[in-house]
Structure formats: structure tokens, C-alpha cells
Amino acid sequence: MARVEHLTFVCTDDKDDAGPNNNWMAPADAHQKIDALFDGCMRGRTMFVIPYCMGPIDSPYARMGVEITDSAYVVANMRMMTRMGSAALQRIEKDGIFVKGLHSTGDLDPERRFIMHFPEELSIKSIGSGYGGNALLGKKCHALRIASYQARSEGWLAEHMLIVGIENPQGDVHYIACAFPSACGKTNLAMLIPPESHAGWKVWTLGDDIAWLHLDDDGLLRAVNPEAGYFGVVPGTNEKTNKNAFDMIRSNTIYTNVATTEDNEPWWEDKNVGTPKTDWQGRNYEDNSKPAAHPNSRFTVSAKNNASYSELAEAPEGVPISALVFGGRRKELAPLVYEAKNWSHGVLVGAGVASETTAANVGEVGIVRRDPMAMKPFCGYNFADYWDHWLSFAQRSSKLPRIFHVNWFRQDKNGKFLWPGFGENLRVMRWIIDRCENQVSARETPIGFLPNADDIDTTDLDISADTMAALLSVNVEQWQAEMTSVGEYLDTYGDRLPAALKKEHAIVVENLQKAS
Ligand code: SAT
Ligand code: MN
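Report follows, based on the coordinates.

What counts and how
- Residues numbered from 1 in each chain as written.
- Chains lettered and ligands numbered in written order.
- Predicted model: local features only at pLDDT ≥ 70, side-chain atom pairs only at ≥ 80, totals over all residues.
- Heavy atoms only, no water.
- Helix = DSSP H or I, 4+ residues; strand = E, 2+ residues; numbered from the N terminus.
- Buried < 20%, exposed > 50% of the residue type's maximum accessible area, 1.4 Å probe, protein only.
- Near = heavy atom within 4 Å.
- Polar contact = N/O pair within 3.5 Å; in protein donor to acceptor, adjacent residues only side chain to side chain.
- Areas by Shrake-Rupley, 256 points an atom, 1.4 Å probe, with all protein chains shown as cover.
- 1 Å grid on protein atoms, 1.4 Å probe; cavity = no way out; pocket = protein on both sides within 12 Å on 5 of 7 lines; lining within 4 Å.
- Sits in = over half its atoms within 2 Å of the grid points.
- Domains from an automatic or database assignment.
- Pairing = 2+ DSSP bridges.
- Axes fitted to C-alpha atoms, helices over the stretch in contact; angles between N-to-C directions.
- Contact = heavy atoms within 4.5 Å.
- Core = buried A, V, L, I, M, F, W, Y, C linked by side-chain atoms within 4.5 Å.
- Donors = N, O, S within 2.8 Å, 3.2 Å for Na, K, Ca; no water.

Of note, the phi angle at Asn257 is positive, near 65°, even though the residue is not glycine. By the element assignment, Asn257 lies in the loop between strand E16 (254–256) and strand E17 (259–260). Take Asn257: its relative accessible area is 23%, and that puts it in the partly exposed class. Even without being glycine, Phe422 reaches a positive phi, approximately 45°. Residue placement: Phe422 occurs in the loop between strand E24 (402–406) and helix H11 (425–436).

What follows is the structure in C-alpha cells.
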């Protein structure tokens, strides 16, 4: 019912290539260990062979894979999440290269469960779990862990980002890519419905989870979504929070680990319709103190079911990105939005992302941990090398997108969210777009540029000036403590840590010192 980061390994010849951000095993040992578990595991079952394409089938940026599995559930999901079948097979014949994935649900015993990646061999072996991120190998295993490794040597980026197009009433569209950790609202932002106050605005979805970013010949950063469907969190999805998603999952949808009603309709917390009869494990639902649907229960649906699906999601050349946005789930500290001072400072902002853990991974929920670029569970190589790779883009283009950080999850002393979130997040996206178009000035602070008091439009929003001030405040003392903690974290990467990143860190520390 969730990813298992503690059982997920990156197996490179040299341990340092996987880095402190990954569990590591020597490739020979890893093969031996997992092959023993695979031995005979499919006896009596049906084996499926899935040729698939990540990215628009005719895109130069698309990459192929073949997954072998004994799970019909995996086949049905991969059919929605990827371009699967003969077109992919033809392209494999043409390209001559593909990622080899082997999966079996095994006996589902956690003691015999591993998700192993061999980036140097372009292969993946996964056994013992049938859950999305562990079993649909095109997704996190291929499109992030293996692809990020390939992207480094080939000069592009594979990121845990949604891609959204925001159209103003004049018809101009800006494309924005946002990296938030799992279960922090990427799907909701990607299919946001403009609030009533925003007549004439439209939002187009290109992707809700993964972006592959390439520099084009003009130096523009372009994004394609390698996926063809959405594997989204179900609980909390309703008419109000995400009407697009709610409508989208009324048909042709696979539900995983939800509860069911008396007439066998799927049910989840905050669906606001129906009553659960059976919980996500198929038991009679009586104990109302526990959720009926698993907090990480999911829907799988083809992107074509989405009313706000962008035509350009199929464009082989992708879309030009105006802004990159990092974010996390933080009760305090991080303001609603701020802008990095330049690209390298933006890389530091991304590297310093921290977030409260969610139900998307097995383990404790709600503790703050570092999740650089929302890639902690997904970067297929050493984060120090990854930041170096990010930094290198500044030398390659003068037209890079601006970098921002948002936090929708700031709370007051009583645990109440300060910002309404959901559709109203468009107001923050508008400020981001205004900044990209040089339409609005900003307040310079030690951590970056923040909106001036009136520059986030709060028309028709029930929010006080004091609350807005709290959302847009920078507490120097708290930020000094944060930067100490970021510095300590970066130091765990030792000598490999890029000097330019250390320098950016030192600049922020100095600015905070001056301000205190
Ligand atoms: O389970 S998945 O890894 O596919 C979803 C997520 O955690 O982002
Ligand atoms: Mn994700």
C-alpha cells in the first residue's frame, strides 16, 4: 500500500556514485540476492511482457522500457500510465535500447521484498510488492531513478515535478513545473480549477508527477511528461477540492486500497458522498476511529479522461517552462511564496527543501525530513553530483526559468491552515507569472524575493491582512537555525559537495547575519 524506501536500492559499481541519499548494494551481490528470490516465483502464474514508451511516442525525448511481470494489476495500470504495446515495440526496434524491468509480486513477504536498480545496466528488479511505485516500473524506478542517472551524462533532468499551463484571460499561457514531495498536492495543482473570482483564467494539465526537462537549441528549458496517466491519492478528493479529478475518476478508473459502499461503489475519507460498508482490506467497517480507505489509496486513470488535459501534453518537443517551483509541507518557517535570487541560489533553495513525511512511504507520518527537490526517494545517483549537474545549467543557457518556493501548509498556533489552498493557489501562481514577466517588483529579504503586501490578489478571499503578513513573513532567527541545519545536511555529502552550492549557502547565512 506504499513505497518501501528502506528496501529500495541503487546498485552501482562504486558506492559513492549512489551517494548517502540511497541504499546501496554491490551489483553482483544484489543480483545474487534478488535472483534467488525470483527463482521459481512465477510457477503456476501467467507471465506478462509489457513493452512501453515513456513520453510522447514520436518525441526525441521519449525512452522505452520492457517490464516483465506476473501481475495482471500491473499490466492494467501500465496500460493507463504509459504508451504500451506495439508502437513502443516498434520504437524499441528503431532505437535499439530500452530499460529492462523484472517484477514479481512474489509471496508479498516483507522479508523477501526488494526494489533494486542497476543504472549502469539500465535494469530494474523488483519483488515482493504489488504497489504502484514499487511495481509499475515505468514510473519511479524508470522515469526517475534510472532516467535521472541517464540525464546526468546526457545533459538533461528527470524530475519529480508536475507540469501545468496557466492561461490568463488574454489567452497567454505560461508553463510551470513544480516539485513537491509525494502526497503534497501535485495532482490538485496540476488540475486546479480557477476560483469564481478568476473568470477567464484557464488551467491546463500536462503532467501530475514527473517532468523530463531538456534545453532546446534556443536555450529554453522544455518539459515533457513521460507518463500517460495519473496515479493519484484518493482521500480528500471531492467536488470542492478537485472537481476535475472527481469527475475524471467516475469511469474507466482503477481504485487501489479504497473502501466500498453497500452497492460496491468506491468510498474514501472526505468523498462527501455515500457510507463505507467495507474497509480497504475488505473487512466490515465498524471501527470509525480508523480511516476506511487507506490514507495512500490511489486512483489510476488515463490522462485523456481529464477535462483540463492539455493538447500540448502530446507535443514531441514539449513545452517551454517559465518557472520552476519547489515546495514542501511545513507548518512554520517557509513563507507562502518566495523567489530565488538567481539560478544557483535556486539550486540551494531546492537542495534545502524539507517536508513532513506522508503516507506515500511506509514509515512514520508527519516528521520533517530533508527532501531535496522532492527527489530524496527518487534520485538514482549521489545528490552531490546531482546538484552539480543542476548548477551546470547556468553555464549552458541565459534563458533559464526563474526558481520559486511555495508552502501551502503553514499553520497558526492552533494548527489551522493559514492559506485556503486548492483553487486559491492560482493567486500565488499569478504572482509567480507576474515576476517572470517583470510586471511586479518584490521585497528583497535574506532568503529571496517576497511579494509586497498588496501584490497577491486577495479579492473575494476571506483572509485578514494580518494573516497575509504572517504568511509572507521571514523570521530571521528561525531561518538562521534552518540554514545551520541545511548546512549540516549538505556537509554530509563531504568533498563531493559542489563548492558553488557551499558558496550560495554562505551568502544566505551572511545576509541573515546582517539582518539580525
Ligand atoms: O507510489 S508512487 O511512487 O507511484 C506515488 C508517489 O509516491 O509519488
Ligand atoms: Mn510522486
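So much for the structure itself; the text now carries on.
In the neighbourhood of ligand 1, the contacting residues comprise Arg3, Tyr131, Gly133, Lys139, Lys140, His160, Ser182, Asp209, Phe231, Arg298 and Ala360. One of the side-chain N or O atoms of Ser182 is found 2.8 Å from an oxygen atom in ligand 1. Out of a free accessible area of 260 Å², ligand 1 has 98% covered by protein chains. The pocket occupied by ligand 1, as judged from atoms lying within 2 Å of grid points, is the largest pocket. In this structure, the shell around ligand 1 is formed jointly by two domains, domain 1 (5–154) and domain 2 (159–229 + 312–480), each of which donates at least three residues.

Spatially, three strands are ordered E15-E19-E16 in an open sheet, and the strand pairing comes out antiparallel. Of all the strands in the sheet, the pair left with one neighbour each is strand E15 (229–233) and E16. Ignoring strand direction, the axes of neighbouring strands in this sheet form an average angle of 20°. Where E15 and strand E19 (residues 298–302) come together, five bridges link them in antiparallel fashion. Its bridge partner being in E19, Tyr230 is matched across the sheet by Val301. Strands in contact with helix H3 (residues 72–81) are E15, E16 and E19; relative to E15, the strand with the most contacts, it is inclined by about 115°.

Attention shifts here to the nonpolar core. In a soluble, globular protein the nonpolar side chains are often hidden away together inside. The biggest cluster of nonpolar side chains holds 125 residues, and the ones touching the most others in it are Ile176, Leu324, Trp387, Trp390, Trp408, Trp419 and Ile432. Not counting residues up to four positions away in its chain, the partners in contact with Ile432 are Ile176, Ala323, Val325, Val337, Phe404 and Val406. Among the nonpolar cores identified, the runner-up in size contains twelve residues, and Phe38, Met42, Met116 and Phe118 belong to it.

Looking at the metal site, the manganese ion (ligand 2) is ligated by Lys140 (NZ), His160 (NE2) and Asp209 (OD), spaced 2.1 to 2.2 Å from it. Between consecutive donors of the manganese ion (ligand 2), the numbers of intervening residues give the motif K-x19-H-x48-D. Here His160 lies in the loop between strand E9 (157–159) and strand E10 (161–167) and Lys140 lies in helix H6 (residues 138–154), a separation of 20 residues in the sequence. Residue Lys140 shares its accessibility class with His160, and that shared class is buried.

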